Amino acid sequence: MVVVRIVALALVAGIAVAVLNGERSRNPELHSLAGMPIVIPLIVALLLLWTFVLDRTSFGRHIYAVGGNAEAARRAGIAVARVKISAFVLCSTMAAVGGLIAASRANSVDPNTGGSDVLLTAVGAAVIGGTSLFGGRGRMLDAVLGAAVVAVINNGMGLMGFSAGTKFVVTGLVLLLAAGVDALSRKRAQSHR
């Protein structure tokens, strides 16, 4: 089974590299778009790093414990304040990395950049990916997949000619649906205890 997984992963990665290495520009003489964008290996590296931290370290388990029930974590001997501050510092660092990527993509920095739909997109990506709004549950891979779903919604609706307001409404409805499913599954899990 491990060999099958490795071969499947190598096949998917090979196809992705082959597609990304092709010329995607309409006018390659003016501007070439061949090769893999630097953001893809960066996202993969961050995904692997934070998946390892959350799944394989005591710090990651402490983050899940504090997110699930801070009082129970405090009674278990976890320094709740220290974990919360560390989590906020790490989230701020990742937001700074995201800001650098956004600025490099836009080739400029503007004080108004990111003010419109960044929060909706970020929360939507996490919740659509399965991260609980009530804390204590979620995985890095699910958040990345949720971000891909939000990006596909925005890109697809943009290609179909929908306005920005319509995109906000549809993304909000998908977010509302995901939050509703999360709340119902939490309520069902608590009633079965």
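Residues numbered from 1 in each chain as written. Predicted model: local features only at pLDDT ≥ 70, side-chain atom pairs only at ≥ 80, totals over all residues. Heavy atoms only, no water.

**Some points on the overall build of the protein**
Then step 1. Broken down by element type, the protein carries 8 helices and 0 strands.
Then step 2. Starting at the N terminus and walking to the C terminus, you meet the elements of the protein as α-α-α-α-α-α-α-α.
Then step 3. Taken along the three principal axes of its C-alpha coordinates, the protein extends 65 × 45 × 35 Å.
Then step 4. Buried positions account for 16% of the 193 residues belonging to the protein.
Then step 5. Contacts in the protein between residues at least 24 apart in sequence constitute 43% of all its contacts with a sequence separation of at least 6.
Then step 6. When the accessible surface of the protein is summed, it comes to about 13700 Å², and 69% of that surface belongs to carbon and sulfur atoms.
Then step 7. If you average the places of the 17 positive and of the 8 negative side-chain charges in the protein, the two averages end up 13 Å apart. (Helix = DSSP H or I, 4+ residues; strand = E, 2+ residues; numbered from the N terminus. Buried < 20%, exposed > 50% of the residue type's maximum accessible area, 1.4 Å probe, protein only. Contact = heavy atoms within 4.5 Å. Areas by Shrake-Rupley, 256 points an atom, 1.4 Å probe, with all protein chains shown as cover. Lys, Arg positive; Asp, Glu negative; His and termini not counted. Charge placed at Lys NZ, Arg CZ, Asp CG, Glu CD.)

**Overview of the packing of helix 2 (residues 39-56) against helix 7 (residues 140-159)**
Then step 1. Contact geometry for helix 2 and helix 7: axes closest at 9 Å, N-to-C directions at 140°. With respect to helix 7, the element helix 2 is oriented oblique. On helix 7, the residues that touch L47, W50, T51 and L54 of helix 2 are M140, L141 and V144. (Axes fitted to C-alpha atoms, helices over the stretch in contact; angles between N-to-C directions. Parallel < 35°, antiparallel > 145°, perpendicular 65-115°, else oblique.)

**Overview of the pattern of salt bridges**
Then step 1. Throughout the structure, instances matching the rule amount to 3 salt bridges.
Then step 2. Note that E71 and R74 form a salt bridge whose closest N and O atoms lie 2.5 Å from each other. With E71 and R74 both in helix 4 (residues 70-75) and 3 residues apart, the pair spans about one turn of that helix.
Then step 3. Here E71 falls in the partly exposed class, since its relative accessible area comes to 35%.
Then step 4. A salt bridge links D142 to R139; the nearest nitrogen and oxygen atoms lie 3.0 Å apart.
Then step 5. The class of D142 is buried, set by a relative accessible area of 18%.
Then step 6. Classification of R139 by relative accessible area gives partly exposed; the value is 47%. (Salt bridge = Lys/Arg side-chain N within 4 Å of Asp/Glu carboxyl O.)

**With respect to helix 6 (residues 118-128)**
Then step 1. Among all positions in helix 6, only G124, A125 and V127 are buried.
Then step 2. Close packing links the buried residues of helix 6 with helix 7 and helix 8 (164-191).
Then step 3. Two residues or fewer after helix 6 comes G130, characterised by a positive phi angle close to 115°.

**Overview of the side chain of D142**
Then step 1. By secondary structure assignment, the location of D142 is in helix 7.
Then step 2. Sequence-distant contacts of D142, defined by excluding residues within four places in its chain, comprise A125 and G129.

**Some points on helix 8**
Then step 1. Across its 28 residues, helix 8 extends 40 Å between first and last C-alpha, which sits within 8% of the 40 Å expected from 1.5 Å per residue.
Then step 2. Listing the buried residues of helix 8 in full gives T171, L175, A178, A179 and D182.
Then step 3. Among the structural elements, helix 6 and helix 7 are those in contact with the buried residues of helix 8. (Expected span 1.5 Å × (residues − 1).)

**Remarks on a nonpolar patch on the surface**
Then step 1. Nonpolar side chains collect at one region of the surface, where V17, M36, I40, V44 and L48 lie side by side and expose about 390 Å² of accessible area between them.
Then step 2. When residues of the nonpolar patch are assigned to their parent elements, the largest contribution, 3 residues, is made by helix 2.
Then step 3. Inspection of the secondary structure assignment puts I40 in helix 2. (Patch = residues over 30% accessible without salt bridge, like charges linked within 9 Å, V, L, I, M, F, W, Y side chains within 5 Å.)

**Details of the side chain of N154**
Then step 1. Along the chain, the position of N154 falls in helix 7.
Then step 2. A distance of 3.5 Å separates a polar atom in the side chain of N154 from a polar atom in the side chain of T171. (Polar contact = N/O pair within 3.5 Å; in protein donor to acceptor, adjacent residues only side chain to side chain.)

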